[in-house]
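Reading the structure
For reference, the chains in residue letters:
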Amino acid sequence: NEPAWRDSTQRQGCVGRSIDMNDEVLREPPPVVRRARHAFRKLSAGTRPLVYSGNRIELLRNGEQYFPRLLAAIDSATQSIYIETYTFALDNIGEKVCGALTEAARRGVAVHVLIDGFGSQTTAGLLIDRLRPQGAKVIVFRRTRWWRLDRRLLRRLHRKVSVFDNRLAFVGGINIIDDYHHPDAKPVHADLGPRFDFAVACEGPLVAAIAFTVMRLWWTVSVLQLRRRPSSRPHYVEPRPVQTGVRAALLLRDNLRNRRTIELAYLDAFAHARHDVLIANAYFLPGKKFRDALRDMAERGVRVRLLLQGRVEYRLQHYAQEALYGDLIKWGIEIYVYTPSYLHAKVAVVDQKWATVGSSNIDPYSLALAREANVAVYDDTFARNLQQALEAAIANDSTVVDADACARRSRLRQAMSWVAYQLVRVLTLVATRSDTG
């Protein structure tokens, strides 16, 4: 018997499939024949992602569910470990992960850790000193230099991806940092709850795509930084399907072939939304096309809800975001702000059929500068589970922002929001003026 993930087209050598976003096609996507290895080398190069059948995708909420799974995966790895993260703190969680990686390297597992030079600037040297002597490989993506002013330094590694033995992968928004390790820790933050965030654990053919992507970036950065080629080039890994699995796609953003892949995936989903769209995002400052898509959905009767950051983490972004509230509310879009702690999620659900979880915010930094990774899942059950988690956060932990709330803002607050929004626009134009890198 053929495995459940194979169809007639895939028997001809197709691993990925192109998919449209409408009610019928969500269930039976039209196949496009591609040779497997060619498909991997063209990952997300088109306007629509490659969708892989036969996956097991598990939703993980917060570090409470994520870190035990991550540590177990490190402990059980026998061949290779690849970890990419923006922030690798050496708090109680980071120490556990660092210790587990050390033990894995000692028992002969090929350990690769790629950390961002800005997000992990305070711990990069310590991680190198502790992991490299044990045989692990550590690379810092674009180290920051206080004396250098270079727009390319804004193009950070913001994705959070890890792969174990090419069979299990994690993708999401959760950095290696304790959920209670809040920014600018002060006594006033002592009563805050855990950071609100999500990740997914993936098994099946999608892991082959994730593994190839991670190995490709590792190889590229190694060549550029070490001036020599690593021992192995990125290579195709035979997919491992699971029975009765779901369909999912890897969405990437970089400054080469995947400049708008994540944004286009959102817009494609919005264009075919019929009933309900729910977005939770930490930093929400979309461009005109994205805002137009939100307005179009509201005008044709789709219920659109936004769950956004309620606490001030980065003042410029926070006040700039508030400048959009008036128009969004006028269009009929519901806005809720999460208040028990810092919201760090980057997720969305469309019609309880399409869902995405990943590292990409809906702001100029994520959509135009940083390297990001999301997973899109085409499955009713997964989408409902994510929506239920977001619905609970809206009902129990959020405050509504309506027209009255906007009207109550002082003129000073409104002016600050307008200035912040204009400043973000100028900074975005300057940062993205050159698209190389």
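Please refer to the structure placed before this passage.
First, a word on scope: everything that follows refers to the structure included in this document. (Residues numbered from 1 in each chain as written. Predicted model: local features only at pLDDT ≥ 70, side-chain atom pairs only at ≥ 80, totals over all residues. Heavy atoms only, no water.)

The full count for this structure, using the stated rule, is 16 salt bridges. With its nearest N and O atoms 2.5 Å apart, the salt bridge here joins R159 to E84. Linking R159 in the loop between β5 (137-141) and β6 (160-164) with E84 in strand β3 (residues 80-85), this pair joins segments that are 75 residues apart in sequence. For R159, a relative accessible area of 4% corresponds to the buried category. Residue E84 is classed as buried on the basis of its relative accessible area of 3%. Across the pair E334 and R303 runs a salt bridge whose closest N-O atoms are separated by 2.8 Å. Taken together, the positions of E334 in strand β12 (residues 334-338) and R303 in strand β11 (residues 303-309) put the pair 31 residues apart, joining distant regions of the chain. On the accessibility criterion, R303 (39% relative accessible area) is partly exposed. Look at the salt bridges and you will find they share partners, linking D276, R305 and E391 into a network. (Salt bridge = Lys/Arg side-chain N within 4 Å of Asp/Glu carboxyl O. Helix = DSSP H or I, 4+ residues; strand = E, 2+ residues; numbered from the N terminus. Buried < 20%, exposed > 50% of the residue type's maximum accessible area, 1.4 Å probe, protein only.)

Of all 7 residues in β11, 6 are buried; the element is thus mostly enclosed. By the bridge criterion, 6 bridges tie strand β10 (residues 276-281) to β11 in an arrangement that is parallel. When the bridges of β11 are listed, A280 appears paired with L307. Relative to β12, β11 runs parallel, the two being bridged by 5 bridges. What sits directly across from L306, in β12, is I335. (Pairing = 2+ DSSP bridges.)

With that settled, consider the packing of aromatic side chains. Pairs of aromatic rings are described using the distance from one ring centre to the other and the angle between the two planes. If you walk through the whole model with that rule in mind, you get 12 aromatic pairs. Taken together, a centroid distance of 4.9 Å and an interplanar angle of 20 degrees make the contact between F196 and Y338 stacked. With a gap of 142 residues between them, F196 in the loop between β7 (168-172) and β8 (198-203) and Y338 in strand β12 connect regions that are remote in the sequence. By the burial criterion, F196 is buried, and Y338 matches it. Note on Y266 and W354: the rings are 6.1 Å apart at their centroids and 70 degrees apart in plane angle, and the pair reads as edge-to-face. Placement of the pair is Y266 in helix α7 (residues 261-271) and W354 in strand β14 (residues 354-358), with a sequence separation of 88 residues. Among the aromatic residues, those joined into a ring-pair cluster are Y266, F270, F284, F290 and W354. A cation sits over an aromatic face here: R295 above W331, 5.3 Å from the ring centre. (Phe/Tyr/Trp six-rings, centres within 6.5 Å; stacked < 30°, edge-to-face > 60°. Lys NZ or Arg CZ within 6 Å of the ring centre and 35° of its normal.)

Glancing now at helix α3 (residues 62-76). Helix length check: α3, at 15 residues, gives a terminal C-alpha distance of 22 Å against a target of 21 Å (1.5 Å per residue), a fit within 8%. Among the residues of α3, those classed as buried are N62, G63, Y66, F67, L70, L71, A73 and I74. On an axial view of α3, the arc spanned by its buried residues comes to 160 degrees, and they lie on one face. The elements touched by buried residues of α3 are β2 (50-61), β3, α4 (92-106), β6, β7 and β8. (Expected span 1.5 Å × (residues − 1). Arc of directions from axis to C-beta. Contact = heavy atoms within 4.5 Å.)

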